[in-house]
Amino acid sequence: MITREQNERLTRVGPGTPCGELMRRYWIPFAAVAQLDDNPVRKVRILGEDLVLYRDKSGTLGLIGERCLHRLVDMKYGIPDQNGLRCPYHGWLYGEDGVCRDRPMETSRGNFAQKTKAYPVQELGGLIFAYMGPLPAPALPKWDLFVWPHAIRQIATNVIPCNWLQCQENTGDPTHSAWAHGEFFRYVLEKQGKLAERASSELHTLHDRSRLGDGIKELFACPTEYGFEKGTVYSKELGAAKDQVRSHSTVIFPFYTQTDVVGSPRSEFQIRVPIDDTNTLHICYQCYSAPPGVELPKQNRIPWYEPPTHDEKGEPILDYVLAQDAIMWAAQGPITDRTKEMLGRTDVPIVFLRRQLDEQISRVERGDDPMNFFRNDPGMLHGNGQSPESHWAAPDWARKKLFVSAGFRQMFHKGFYKDDTDRYGPDIELVKELHRRIEEYEIQANREEALT
Ligand code: FES
Ligand SMILES: [Fe+2]
């Protein structure tokens, strides 16, 4: 439980708020490059600010205030020009620096002194990032999945109708899996009459997840260079299959979590970007890597999609993992009232997450740089602190029966494509083909080994 003031401090993101000022120290992903395919001008809302994103005819991206300075027409109707965006009403032209470069029909046409709001933007890994804080802007961190060389990718986004922190606290919550993706998943499939069809195999997600609730001894959380890691300690004596420590997804401060590790057949950033105080842009950045020796299916560009959250009758779709998470976040209310919580031992990592967020807000208040604010180009970063060579770097990867045999084949054959957002992905057939090639390669390598 925290006080009302603390809850406000950690959740509000508008200009001048403590958390809003922290957020304005980061490059914020807010759209996929592919979203500009159909229309090069889009209205966007980030940290409670209404803006217009555009790509002009020279290919330059701009992110400017939503209203024309002349008579306040919404620039989402703007016309991309050679060097900027023109208002459709009387043709005033704005550059990516917010300067009004041309005012047709006026006596003094260019270099109009007044500027509209403008923020720097950059592209990386198929995403567009904005920096909305004090200049000079820091370097844009190249977190591993954005730049990993031998992989194909998909980007899914959803608007979740609640505060960003509820979404991010999900990563401080390893045990929700047992219920939200285990028992609740079972209940949803039972109601649909699809339990046997979808989950007859013991390998299915819901069975695996349900067992994560058995034999919990304790939960832990500890800081890392880029965020924190956490997990669950299981005890055989208390009913777990064996004594073990299971790590949960890695956290990259302030709003990333990463499932699995770079270089694996499927790894994902889940990014919780505050649109405003009560809406969050949830980005699933999905990265499917191939080992050396396996040719990647050809991907022309990184596609974008919006997984449906409701069916044609307006009922929530609940039979895949992200949908189960998202409905829980929204069901906590627009900004959950943390003064009324009753936390338990499973919430230890959530307490850690809040404390880390509070500490970083305080750093900005003191005038210091917060965590993951890089004044110089950080090059390629590995968010989980793990060596990028951890998978498949050795030429005999397939013979080593590492992750591939132990986990990936199970994941492939249990058909994870049906159980998460991936099933809606425009390039899911390429992903399946990649995974088929990985398996084929492994079988072949093992056969050759058996013959020698
Ligand atoms: S309102 Fe935009 S140019 Fe007149
Ligand atoms: Fe989840």
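Reading the values: the criteria
- Sequence order as written defines the numbering, with residues in each chain counted from 1.
- Here every chain gets a letter starting at A, and every ligand a number starting at 1, in the order they are written.
- With the structure being a predicted model, the display of local features is reserved for residues of pLDDT at least 70 and the display and counting of side-chain atom pairs for 80 or more, all residues being used for whole-chain, interface and lining totals.
- Heavy atoms throughout the structure, all of them, feed into the side-chain values; hydrogens and water do not.
- Secondary structure elements follow DSSP: runs of H or I of four or more residues count as helices, runs of E of two or more count as strands, with numbering from the N terminus.
- Between buried and exposed lies partly exposed: a residue is buried under 20% and exposed over 50% of the maximum accessible area for its type, with that area taken using a 1.4 Å probe on protein chains only.
- Residues count as neighbours in contact if any of their non-hydrogen atoms are within 4.5 Å of one another.
- For accessible areas, the Shrake-Rupley method is used with a probe of radius 1.4 Å. Any residue's cover is judged against the shown protein chains and nothing else.
- Paired strands, in this sense, are two strands between which DSSP finds at least two bridges.
- A helix's residues, less one, multiplied by 1.5 Å, set its expected span.
- What is called the bend at a residue is the angle between a pair of axes, fitted to the seven residues leading up to and ending at it and to the seven starting from it.
- Axis lines are fitted to C-alpha atoms, over the contacting stretch for helices. Their N-to-C directions set the angle, which ranges from 0 to 180 degrees.
- The term salt bridge refers to a pairing of a side-chain nitrogen on Lys or Arg with a carboxyl oxygen on Asp or Glu at a separation within 4 Å.
- For Na, K and Ca the donor cutoff is 3.2 Å, while for all other metals N, O and S atoms count as donors only within 2.8 Å; water does not appear among the atoms, so some sites may look incomplete.
- A site with four donors is called tetrahedral when every donor-metal-donor angle falls between 85 and 135 degrees; four donors are called square planar, and six octahedral, when opposite donors sit more than 155 degrees apart and all other angles fall between 65 and 115; any other arrangement is irregular.
- Aromatic pairs are defined between Phe, Tyr and Trp rings, using the six-membered ring for Trp, whenever the two ring centres lie within 6.5 Å; interplanar angles under 30 degrees are classed as stacked, those over 60 as edge-to-face, and all others as tilted.
- A positively charged side chain is recorded as over a ring if its NZ (Lys) or CZ (Arg) lies within 6 Å of the ring centre. The angle to the ring normal must also be within 35 degrees.
- Known as pLDDT, the predictor's confidence for each residue is given on a scale from 0 to 100.
- Any angle between 65 and 115 degrees counts as roughly perpendicular, while under 35 counts as roughly parallel, over 145 as roughly antiparallel, and the rest as oblique.
- Crossing handedness follows the turn of the near helix against the far one: under a right angle anticlockwise gives a left-handed crossing, and clockwise gives a right-handed one.
- In this classification, Asp, Glu, Lys and Arg are treated as charged, Ala, Val, Leu, Ile, Met, Phe, Trp, Tyr, Cys and Pro as nonpolar, and every other residue, Gly included, as polar.

## Topic: the overall build of the protein chain
At step 1: For the protein chain, the count of helices and strands is eleven helices and 22 strands.
At step 2: Across the 452 residues that make up the protein chain, the buried fraction comes to 54%.
At step 3: Counted over contacts in the protein chain with a minimum sequence separation of 6, partners at least 24 positions apart contribute 64%.
At step 4: Of the roughly 20,200 Å² of accessible surface on the protein chain, 51% is carried by carbon and sulfur atoms.

## Looking at the pairing of strand 14 (residues 216–223)
At step 1: Across seven bridges, the pairing between strand 14 and strand 15 (residues 227–234) is antiparallel. Along strand 15, the bridge assignment pairs proline 223 with phenylalanine 228.
At step 2: Here strand 14 folds back onto strand 15 in antiparallel fashion, the turn holding three residues.

## With respect to helix 5 (residues 176–192)
Every α-helix carries 3.6 residues per turn, so stepping three or four residues along brings you back to the same face.
At step 1: Helix length check: helix 5 (17 residues) gives 22 Å between terminal C-alpha atoms against 24 Å at 1.5 Å per residue, within 8%.
At step 2: A bend of about 35° at phenylalanine 185 is the largest found in helix 5.
At step 3: Looking only at helix 5, the buried set comprises His176, Ser177, Ala178, Ala180, His181, Gly182, Phe185, Val188 and Leu189.
At step 4: Looking at the packing, one finds that the buried side of helix 5 touches helix 6 (195–199), helix 7 (205–210) and helix 8 (321–331).

## Quick look at the sheet that holds strand 10 (residues 121–124)
At step 1: Strand order in the open sheet formed by three strands is 1-11-10, with antiparallel pairing between adjacent strands. Looking at strand neighbours, the two that pair on one side only are strand 1 (27–32) and strand 10, the edges of this open sheet. Taken over all neighbouring pairs, the strand axes of this sheet differ in orientation by 35° on average, direction set aside.
At step 2: Note: strand 10 against strand 11 (residues 127–131), four bridges, orientation antiparallel. Note that in strand 11 the partner of valine 121 across the bridge is alanine 130.

## Section: the pattern of salt bridges
At step 1: By the definition in use, this model includes 36 salt bridges.
At step 2: One salt bridge connects arginine 9 with glutamate 365, and the closest N-O pair in it is separated by 2.8 Å. Pair noted here: arginine 9 is in helix 1 (residues 4–11) and glutamate 365 is in helix 9 (residues 348–366), with a separation of 356 residues, a long-range link.
At step 3: Judged by its relative accessible area of 18%, arginine 9 is buried.
At step 4: Note that lysine 340 and aspartate 337 form a salt bridge whose closest N and O atoms lie 2.9 Å from each other.
At step 5: A relative accessible area of 33% means that aspartate 337 is categorised as partly exposed.
At step 6: Where salt bridges share partners, they join Lys43, Glu66, Arg67 and Asp74 into one cluster.

## Examining the environment of proline 265
At step 1: Locating proline 265 in the fold gives a position in the loop between strand 18 (256–259) and strand 19 (267–276).
At step 2: Between the alpha carbons of proline 265 and leucine 434 there is a distance of 8.7 Å; along the sequence they are 169 residues apart.

## Brief notes about the coordination of the iron ion (ligand 2)
At step 1: Coordination sphere of the iron ion (ligand 2), protein contribution only: His176 (NE2), His181 (NE2), Asp325 (OD) and Asp325 (OD), at 2.1 to 2.5 Å.
At step 2: Each of the four donor atoms bound to the iron ion (ligand 2) contributes to angles spanning 57 to 144°, and the resulting shape is irregular.
At step 3: Positions of the donor residues of the iron ion (ligand 2) along the chain correspond to the pattern H-x4-H-x143-D. The pair histidine 176 / histidine 181 is uniform in exposure class, with both members buried.

## Examining the packing of aromatic side chains
At step 1: Here the structure, examined in full by the defined rule, presents 14 aromatic pairs.
At step 2: Aromatic side chains phenylalanine 146 and tyrosine 256 sit 6.2 Å apart centroid to centroid with 65° between the ring planes, which places their arrangement in the edge-to-face category. Taken together, the positions of phenylalanine 146 in helix 3 (residues 144–147) and tyrosine 256 in strand 18 put the pair 110 residues apart, joining distant regions of the chain. Take phenylalanine 146 and tyrosine 256: they sit in the same class, and that class is buried.
At step 3: In this arrangement the basic side chain of arginine 103 is found over the ring face of tryptophan 92, its NZ or CZ atom lying 5.1 Å from the centre.

## Observations regarding the confidence of the model for the protein chain
At step 1: Mean pLDDT over the protein chain works out to 89, with 89% of the residues at or above the 70 mark.
At step 2: Note on residues 384–403: pLDDT under 50 across the span, and 48 contacts to partners over four residues away in sequence or across chains.

## Examining the pairing of strand 15
At step 1: Among the eight residues in strand 15, seven count as buried, and that is most of the element.
At step 2: In this sheet, strand 17 (residues 250–252) lies alongside strand 15 in antiparallel orientation, the contact comprising two bridges. Counted as the bridge partner of glycine 227 is isoleucine 252 from strand 17.
At step 3: For strand 15 and strand 16 (residues 244–247), the ladder comprises four bridges, and the chain directions are antiparallel. The residue of strand 16 that forms the bridge with glycine 231 is serine 247.

## Focus: the packing of helix 5 against helix 8
At step 1: Relative orientation of the contacting elements helix 5 and helix 8 amounts to 115°, with a least axis distance of 10 Å. The angle between helix 5 and helix 8 places the two elements in the roughly perpendicular class. Regarding helix 5 and helix 8, the two cross each other, and that crossing is right-handed. Across the interface between the two elements, His176, Ala180, His181, Phe184 and Phe185 from helix 5 touch Val321, Gln324, Asp325 and Met328 from helix 8.
At step 2: A class-by-class count of the residues in the contact of helix 5 with helix 8 yields five nonpolar, three polar and one charged.

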